[in-house]
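Here is what each chain is made of, one letter per residue.
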Amino acid sequence: MRAAIAVFADHGYAGASVRRICQRARANPAAVKHYFGNKDGLYQEVLHVASAAFAGDETGKIERGERPPEAMLRDMIRHQLRPVLRRNTIGRYLRVFAWEDMAPSRPYKQFLAAGRVPVVARASTIARELLSPDATSEEVAVATVWLMNQAMPFVRSRDTLTAPPFGLRFDQAMVDRLADRLTRLALAGLARAPARLD
């Protein structure tokens with residue numbers, strides 16, 4: 001799995017091959033067929049592992065009313081910020097998703113359509129809880145995407161943000177403060193009635 005993550009991160013789905021992954025892992029290509037079926041199955045598992053890294057500690061379904069949505073939102077954002085404290089594997093996950101941002105692969109589209117992305121389910125539940133009951137499905141979808149990306153600028157740009165002019169110092173205390181700030185901003189954004197732009 002580590003070899004697959006590294007190769008998909010370096011080359012994207014289209015540029016990766018089972019042969020290259022197995023060479024890196026010093027494994028027989030028949031192992032991929034045995035455990036994952038094919039390259040698509042292996043990639044689906046990489047996507048599952050990568051997305052779970054950003055989802056939060058609870059991988060099960062969140063039932064409406066189980067916890068206050070504000071607490072779920074803070075937990076989700078705090079978990080999404082964890083990668084700024086550990087850069088190794090998380091950086092590879094980010095590169096896998098960056099490839100998909102540029103040119104979504106068929107397995108990635110299937111992965112999303114199958115609903116196996118914990119962070120999407122969590123963000124959607126939170127959005128539904130925080131938006132007004134008459135929110136449209138479009139409003140929920142937009143809020144879900146927005147909530148999923150609250151922490152990403154800090155994770156993706158960590159190295160840039162530690163240098164001038166920002167000079168941020170990412171430690172556990174700062175991550176906790178940042179999670180609180182982002183949660184407050186997100187809650188304020190969802191609670192306000194939309195301003196007319198016309």
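What counts as what
Residues numbered from 1 in each chain as written. Predicted model: local features only at pLDDT ≥ 70, side-chain atom pairs only at ≥ 80, totals over all residues. Heavy atoms only, no water. Axes fitted to C-alpha atoms, helices over the stretch in contact; angles between N-to-C directions. Helix = DSSP H or I, 4+ residues; strand = E, 2+ residues; numbered from the N terminus. Parallel < 35°, antiparallel > 145°, perpendicular 65-115°, else oblique. Contact = heavy atoms within 4.5 Å. Nonpolar A, V, L, I, M, F, W, Y, C, P; charged D, E, K, R; others polar. Phe/Tyr/Trp six-rings, centres within 6.5 Å; stacked < 30°, edge-to-face > 60°. Buried < 20%, exposed > 50% of the residue type's maximum accessible area, 1.4 Å probe, protein only. Lys NZ or Arg CZ within 6 Å of the ring centre and 35° of its normal. Salt bridge = Lys/Arg side-chain N within 4 Å of Asp/Glu carboxyl O. Patch = residues over 30% accessible without salt bridge, like charges linked within 9 Å, V, L, I, M, F, W, Y side chains within 5 Å. Areas by Shrake-Rupley, 256 points an atom, 1.4 Å probe, with all protein chains shown as cover. Left-handed = near helix turned anticlockwise from the far one by under 90°. Polar contact = N/O pair within 3.5 Å; in protein donor to acceptor, adjacent residues only side chain to side chain. Expected span 1.5 Å × (residues − 1). Arc of directions from axis to C-beta.

## Some thoughts on the packing of helix H9 (residues 137-148) against helix H12 (residues 172-191)
Between two packed helices, both the angle of their axes relative to each other and the distance between the axes serve to describe the pair. Contact pair H9 / H12: the axes reach a minimum separation of 11 Å and the direction vectors enclose 170 degrees. Classified by the angle between their axes, H9 and H12 sit roughly antiparallel to one another. Together, Ala143, Trp146 and Leu147 of H9 and Leu185, Ala186, Gly189 and Leu190 of H12 make up the contact between the two elements. Split into classes, the residues belonging to the contact of H9 with H12 amount to 6 nonpolar, 1 polar and no charged.

## Here's the deal with the packing of aromatic side chains
All chains considered together, the criterion is met by 4 aromatic pairs. Taking the centre distance of 6.4 Å and the plane angle of 15 degrees together, the rings of Phe8 and Tyr13 count as stacked. Residues Phe8 and Tyr13 agree in their burial class; the two are buried. Three or more aromatic residues joined by ring pairs make a cluster, and in this case those are Phe8, Tyr13 and Tyr43. For Lys39, the ring lying beneath its charged end belongs to Tyr13, and the centroid distance is 4.2 Å.

## What about the pattern of salt bridges?
What the rule picks out here adds up to 8 salt bridges. Here Asp101 ties to Arg156 by a salt bridge, and the two come within 3.5 Å at their closest N and O atoms. Here the residue Asp101 occupies a position in helix H6 (residues 88-102), and Arg156 occupies one in helix H10 (residues 152-156), the gap between them amounting to 55 residues. Here the salt bridges do not stand alone but share partners, grouping Arg67, Asp75 and Arg78 into one network.

## Observations regarding a nonpolar patch on the surface
Judged by side-chain polarity, Met1, Tyr35 and Phe36 come together as a nonpolar surface patch covering roughly 320 Å² of accessible area. In this fold, Tyr35 is placed in helix H3 (residues 29-36).

## A few points about the environment of His48
Here His48 shows up in helix H4 (residues 39-55). You can call His48 partly exposed: its relative accessible area is 27%. Taking C-alpha positions, His48 is 8.2 Å from Phe111, a pair spaced 63 residues apart along the chain. Residue contacts for His48: discarding those within four places in its chain leaves Phe111 and Arg116.

## With respect to the packing of helix H5 (residues 69-81) against helix H8 (residues 118-130)
Taken N-terminus to C-terminus, the directions of H5 and H8 make an angle of 145 degrees; their axes are 9 Å apart at the nearest point. In terms of crossing hand, the pair formed by H5 and H8 is left-handed. In this structure, H5 contributes Pro69, Glu70, Met72, Leu73, Met76 and Gln80 to the contact, and H8 contributes Val119, Arg122, Ala123, Thr125, Ile126, Glu129 and Leu130. When grouped by side-chain class, the residues that make up the contact of H5 with H8 number 8 nonpolar, 2 polar and 3 charged.

## Re the side chain of Thr144
Within the secondary structure layout, Thr144 lies in helix H9. Within the local environment of Thr144, its side chain forms a polar contact with the backbone oxygen of Val140, the two atoms lying 2.7 Å apart.

## Some remarks on H9
For H9, spanning 12 residues, the distance from its first C-alpha to its last is 16 Å, which sits close to the expected 16 Å at 1.5 Å a residue. Among all positions of H9, only Val140, Ala143, Thr144 and Leu147 are buried. Buried residues of H9 fall within an arc of 105 degrees about the axis and therefore sit on the same side. The exposed residues of H9 that point more than 90 degrees off its buried face are Glu138 and Val142. If you follow the buried residues of H9, they end up packed against H5, H8 and H12.

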